[in-house]
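Structure assessment
Okay, here's what each chain looks like letter by letter:
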Amino acid sequence: MDALPLVQVGMRVVDPAGEQVGTVSAVQASGTDVRPDTIAGITEHLMATGYLRIDGAGFLSNDAYAGGNQVSGVSGDVVELRVGREDLHRAAS
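Criteria and thresholds
- Residues numbered from 1 in each chain as written.
- Predicted model: local features only at pLDDT ≥ 70, side-chain atom pairs only at ≥ 80, totals over all residues.
- Heavy atoms only, no water.
- Helix = DSSP H or I, 4+ residues; strand = E, 2+ residues; numbered from the N terminus.
- Buried < 20%, exposed > 50% of the residue type's maximum accessible area, 1.4 Å probe, protein only.
- Contact = heavy atoms within 4.5 Å.
- Salt bridge = Lys/Arg side-chain N within 4 Å of Asp/Glu carboxyl O.
- Core = buried A, V, L, I, M, F, W, Y, C linked by side-chain atoms within 4.5 Å.
- Pairing = 2+ DSSP bridges.
- Axes fitted to C-alpha atoms, helices over the stretch in contact; angles between N-to-C directions.
- Polar contact = N/O pair within 3.5 Å; in protein donor to acceptor, adjacent residues only side chain to side chain.
- Phe/Tyr/Trp six-rings, centres within 6.5 Å; stacked < 30°, edge-to-face > 60°.

Let us look at the environment of I54. Here I54 is to be found in strand β3 (residues 51-56). For I54, a relative accessible area of 1% puts it in the buried group. If near-sequence neighbours (up to four positions away) are discounted, I54 is found in contact with V13, V21, G22, T23, S25, D63, A64, A66, L81 and L88.

What follows is the structure, encoded as structure tokens:
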């Protein structure tokens, strides 16, 4: 099941261990024309799969993008990822 359509701005994002990664700041469906602010190659992949931008949690954390295929589910107001924070695509700014 594609969980990306269930994701909304403001939801908390957690990794598979339940550790908070951040908060959803944007959601784009697959096939979007909205380009994420990341490196070439990754940008096209995210546009094809859909993505969410995550405002990072914690001291000195960066914003990141999770592809639609990296979202395992939504439970209440929490987005659950299939991958850890280190496997997300970093935002350029």
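We now examine the pattern of salt bridges. If you walk through the whole model with that rule in mind, you get 2 salt bridges. For D63, the salt bridge identified is with R53, shortest N-O distance 3.2 Å. Placement of the pair is D63 in the loop between β3 and β4 (64-67) and R53 in strand β3, with a sequence separation of 10 residues. Here R53 falls in the buried class, since its relative accessible area comes to 16%.

Glancing now at the nonpolar core. Formed by 16 residues in total, the largest nonpolar core has its most connected members in V13, L52, I54, V79, L81 and L88. Breaking this core down by element, the ones donating at least two residues are β2 (20-28), β3, β4 and β6 (78-81). Every residue in contact with L52, bar those within four places of it in the chain, is listed here: L4, V7, V13, V24, A26, V27, A64, Y65, A66, V71 and V79.

Before going further, it helps to examine the sheet that holds β3. Whether parallel or antiparallel, the strands of a sheet pair through hydrogen bonds between backbone atoms. Strands sit in the order β5-β6-β1-β2-β3-β4-β7 across an open sheet of 7 strands; the sheet is mixed. Sheet topology places β5 (71-75) and β7 (89-90) at the edges, where each strand pairs with a single neighbour. Both strand β1 (residues 12-14) and β2 contribute to a ladder of 3 bridges, which runs antiparallel. When the bridges of β2 are listed, V13 appears paired with G22. Set on the sheet, helix α1 (residues 42-49) makes contact with β3, β4 and β7; between it and β4 the angle comes to about 50°.

Glancing now at the side chain of R53. Among the polar contacts made by the side chain of R53, one reaches the side chain of D63 at a distance of 3.2 Å. Here the side chain of R53 touches Y65 through a polar contact of 2.7 Å, side chain to side chain.

For β5 and β6, the ladder comprises 4 bridges, and the chain directions are antiparallel. When the sheet's bridge partners are listed, G73 is paired in β6 with E80. Here β5 folds back onto β6 in antiparallel fashion, the turn holding 2 residues, of which G76 has a positive phi close to 65°.

Bringing the packing of aromatic side chains into the picture now. Counted by the stated rule, this structure contains 1 aromatic pair. Judged by centre distance (5.5 Å) and plane angle (80°), the ring pair of Y51 and Y65 falls under edge-to-face. Of the two residues, Y51 sits in strand β3 while Y65 sits in strand β4, which places them 14 residues apart along the sequence. Like Y65, Y51 is buried.

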